Structures are given as C-alpha cells and as structure tokens.
Amino acid sequence: MLTHDYTYTNLLDRSVKNAWTVEDCYQGRDFDFAKSFLPERIAGVRGITCLNDDERRKLNQIRGNSYCHIFAFVEEYIVPMVLANASRDIYGDETRLWSLLRFAEEEVKHQEMLRRAVEQFEKGFGSPCALIPGREAVAEVVLGKSALTALLLTSLIEWFTQLHYVEHVRDSEELDALFRDILRFHWIDESRHARLDSLLIDEVAADLTLEERERAVDELLELGGALDGLLAQQVELDIDALALSARRSFSDAEKSEIRAEQQRAYRWTFLVSGLEHPEFVQIVRELTEAGQGKIAAAAQALSA
Ligand SMILES: [Fe+2]
Ligand SMILES: [Fe+2]
C-alpha cells in the first residue's frame, strides 16, 4: 500500500551492523552547563525579551532535560506495541521476527539512555526541574486506540526524531557534546525504526477498509490534542524551574511572554515537525483520502 523499498532483511542487517550500547554514547561524560543543549529551532528561547542571555541558556537546558523526558515518556508504549505486532506471526518469517525483536530491544535501550540523561541533568543543573508524570497512563491511552493509530503515532515520532537531529543538531557544534551524542545515537536507530513502521503499517492497513484508515487519522489527531495538553503542563513546570534556577520571580506579563514562546516551540518540536514531515505526509496521503488535509489543517492550527 505504501511506496517504499524497505525490507526486513535489509533493516535487520543495518541494525546488527550499527549496534551500539548506552555506554558507547556516554563514555563517562557529564553535561557541560556552560553550553546550550538544544538548537534554537527546538528550544525557542531567543525571542523571549524578559530574559537575559544566562537565563535563556538555562531555559534551553531545562528544555533539553524535558526533551529527553518527553521522548522516554511518549516512547513508553512502543515496546508493547512492537511486541504485539511481532506476535501476530510468531511462527512465520524469522527475519521479520528478529527485526521486530531488535526494534523493541532498541527502544528499551533508548529508555535507559534517556532516563540516564535526566538523572545526570538533575545532579548537574543545581536546582530541581519538575517533569510531567503519568507515562504509563499515556501508554495505556495510546494502546487503547487501533493498531494503525498507534503505528501512525510511532511513525510520526520516528520521522521527526530524525529531522531534529539531521537538520538542527548534527552541524551545531556550539551545543553540548554529550547532549548532541544522545540525539545522534537515538537517530541511528530511529532512521531504521521509521522504515519498520512503514512495513508494519502495510501489514496492518491491508486488512482495513478506507473508513477504518480514515478513522485512524482522526484518532491520531485526538492523541495529538492530548499530547498538546501535556506539553502545556510541562511549559508551566519549566517556568517554575527557571524562576528557581535564576532566583527571580516573573510578573504575569513576563510569564505570559515565556508561555507563548515556549508553547510555540514545544508544539513545533513534538507535533508540527512530524505532521509536516514529507515522509509522514506521504504515508497519510497513500493510506487515506481525507487524512492529508486534516493533518495539514492541524499543523497550521498548532503553528498559529
Ligand atoms: Fe526511540
Ligand atoms: Fe524508535
């Protein structure tokens, strides 16, 4: 159903050849808090006029921490989702099975890498930064949707992960080296996972009617709305963390300036950069008749 030339054989081969461990990424290093962690396209701190440079860098770092947390958070459901897809044909194609088991294992490794980033951040940053709770509840909500909906959400996430690294981090040498490596190692695996998602979407969508496929896009956008609510909660926690770290309090006008800039940056990072990703747009276009228009309208509304 989807246009691509991906195969389980090829993707398994690349997974084995490019295997890495969490230790390969960290190599005993700590974060350098004199540097920014995220590129401006993701952090969105430069335009906040009520902050000085030092405070903008702190907010950038707070955003780096929440970036790792939110990835670990939204990826929580991917392991059970991939295992459920693997089990559908457990005695069938062994290359498919092995490829999907490695996909699940790599996601467990990402959770470990991202959790460690949050732990090291907490130790080094100097003041507490709260993070949104409820990762298991979110996983339950996603897995309560159709199999195609969960796969579309995964595909969206895995395409934007790559875009963040390749277009905004890879050449940004001014950023903290360890943080860049975390995103680099994540990208190495996600560039394969996004292709595995397309193979799984083909399998699942083959048994669905057009109506069911259209419904999956509607459900995806419902999940996007729920994620947007979580991001708004994280923005408030970030403002509190910044006030604590910078030892100042913000007036209502200052808070609303930070909130507006940050909401835009979070929405671009976790929603719009995926909804507008050309590979993702093509998947939705090939699966549905109305989906492309709906995701474009959602991306536009979130960018306003
Ligand atoms: Fe991942
Ligand atoms: Fe992944």
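Residues numbered from 1 in each chain as written. Chains lettered and ligands numbered in written order. Predicted model: local features only at pLDDT ≥ 70, side-chain atom pairs only at ≥ 80, totals over all residues. Heavy atoms only, no water.

(A) Spotlight on the coordination of the iron ion (ligand 2). Binding of the iron ion (ligand 2) to the protein goes through Glu107 (OE), Glu158 (OE), Glu190 (OE), Glu190 (OE) and His193 (ND1), at separations of 1.8 to 2.4 Å. Spacing between the donor residues of the iron ion (ligand 2) along the chain follows E-x50-E-x31-E-x2-H. Between the two metal centres, the iron ion (ligand 2) and the iron ion (ligand 1), the spacing is 3.3 Å, with Glu107 acting as a shared donor. Here the residue Glu158 occupies a position in helix H8 (residues 147-169), and Glu190 occupies one in helix H9 (residues 177-205), the gap between them amounting to 32 residues. An identical accessibility class is assigned to Glu158 and Glu190; each is buried. (Donors = N, O, S within 2.8 Å, 3.2 Å for Na, K, Ca; no water. Helix = DSSP H or I, 4+ residues; strand = E, 2+ residues; numbered from the N terminus. Buried < 20%, exposed > 50% of the residue type's maximum accessible area, 1.4 Å probe, protein only.)

(B) Inspection of the coordination of the iron ion (ligand 1) at higher detail. For the iron ion (ligand 1), every protein donor is listed as Glu75 (OE), Glu75 (OE), Glu107 (OE), His110 (ND1), His186 (NE2) and Glu190 (OE), and the spread of their distances is 2.0 to 2.5 Å. Its 6 donor atoms give the iron ion (ligand 1) angles of 55 to 164° at the centre, a pattern that matches the irregular case. Along the chain, the residues donating to the iron ion (ligand 1) are arranged with the sequence spacing E-x31-E-x2-H-x75-H-x3-E. Looking at His110, the relative accessible area reads 0%, which means it is buried. (Tetrahedral: all angles 85-135°; square planar, octahedral: opposite > 155°, others 65-115°.)

(C) Main features of the packing of aromatic side chains. Summed over the entire model, instances satisfying the criterion amount to 17 aromatic pairs. When the ring of Tyr67 is compared with that of Phe270, the centres are 5.7 Å apart and the planes differ by 45°; the resulting orientation is tilted. Taken as a pair, Tyr67 in helix H4 (residues 53-75) and Phe270 in helix H11 (residues 252-275) lie far apart in primary sequence, 203 residues in all. When its relative accessible area of 2% is taken as the criterion, Tyr67 is described as buried. Feature note: the residues Phe31, Phe33, Phe37, Phe121, Phe125 and Phe179 constitute an aromatic cluster, connected by ring pairs. For the cation-ring pair, Arg63 lies above Tyr266, with the distance from its terminal atom to the ring centre recorded as 3.9 Å. (Phe/Tyr/Trp six-rings, centres within 6.5 Å; stacked < 30°, edge-to-face > 60°. Lys NZ or Arg CZ within 6 Å of the ring centre and 35° of its normal.)

(D) Structural context of the packing of H4 against H11. At their nearest, the axes of H4 and H11 sit 13 Å apart, and the two run at 40° to each other. One finds that H4 runs oblique with respect to H11. The two elements H4 and H11 meet at a crossing, and its hand is right-handed. Judged by residue contacts, Leu59, Arg63, Ser66, Tyr67, Ile70 and Phe71 of H4 engage Ile258, Gln262, Ala265, Tyr266, Thr269 and Phe270 from H11. (Axes fitted to C-alpha atoms, helices over the stretch in contact; angles between N-to-C directions. Parallel < 35°, antiparallel > 145°, perpendicular 65-115°, else oblique. Left-handed = near helix turned anticlockwise from the far one by under 90°. Contact = heavy atoms within 4.5 Å.)

(E) Focus on the side chain of Glu107. Within the element layout of this structure, Glu107 appears in helix H6 (residues 94-125). For Glu107, which is buried and forms no salt bridge, the nearest opposite charge comes from Arg192, at a distance of 9.1 Å. Those residues within four positions of Glu107 in sequence are excluded, and the remaining contacts are Glu75, Ile78, Val79, Glu158, Glu190 and His193. (Lys, Arg positive; Asp, Glu negative; His and termini not counted. Salt bridge = Lys/Arg side-chain N within 4 Å of Asp/Glu carboxyl O.)

(F) Local environment of the pattern of salt bridges. For the structure shown, the criterion picks out 21 salt bridges. Measuring nitrogen to oxygen at the nearest pair gives 2.7 Å for the salt bridge that ties Arg192 to Asp189. Placement of both Arg192 and Asp189 in helix H9 is noted, with a separation of 3 residues, approximately one turn of the helix. Owing to a relative accessible area of 2%, Arg192 belongs among the buried residues under this scheme. The buried category is assigned to Asp189, whose relative accessible area is 1%. The partner of Glu254 in a salt bridge is Arg248, with the nearest N and O atoms 3.1 Å apart. Judged by relative accessible area, which is 22%, Glu254 ranks as partly exposed. Owing to a relative accessible area of 22%, Arg248 belongs among the partly exposed residues under this scheme.

(G) Representation of the packing of H8 against helix H10 (residues 210-246) in the model. Relative to each other, H8 and H10 sit at 55°, their axes nearing to 8 Å. The orientation of H8 relative to H10 falls into the category oblique. Handedness of the crossing formed by H8 with H10: right-handed. Across from Leu148, Thr149, Leu152 and Leu153 in H8, the residues of H10 making contact are Arg213, Ala216, Val217, Glu219, Leu220 and Leu223.

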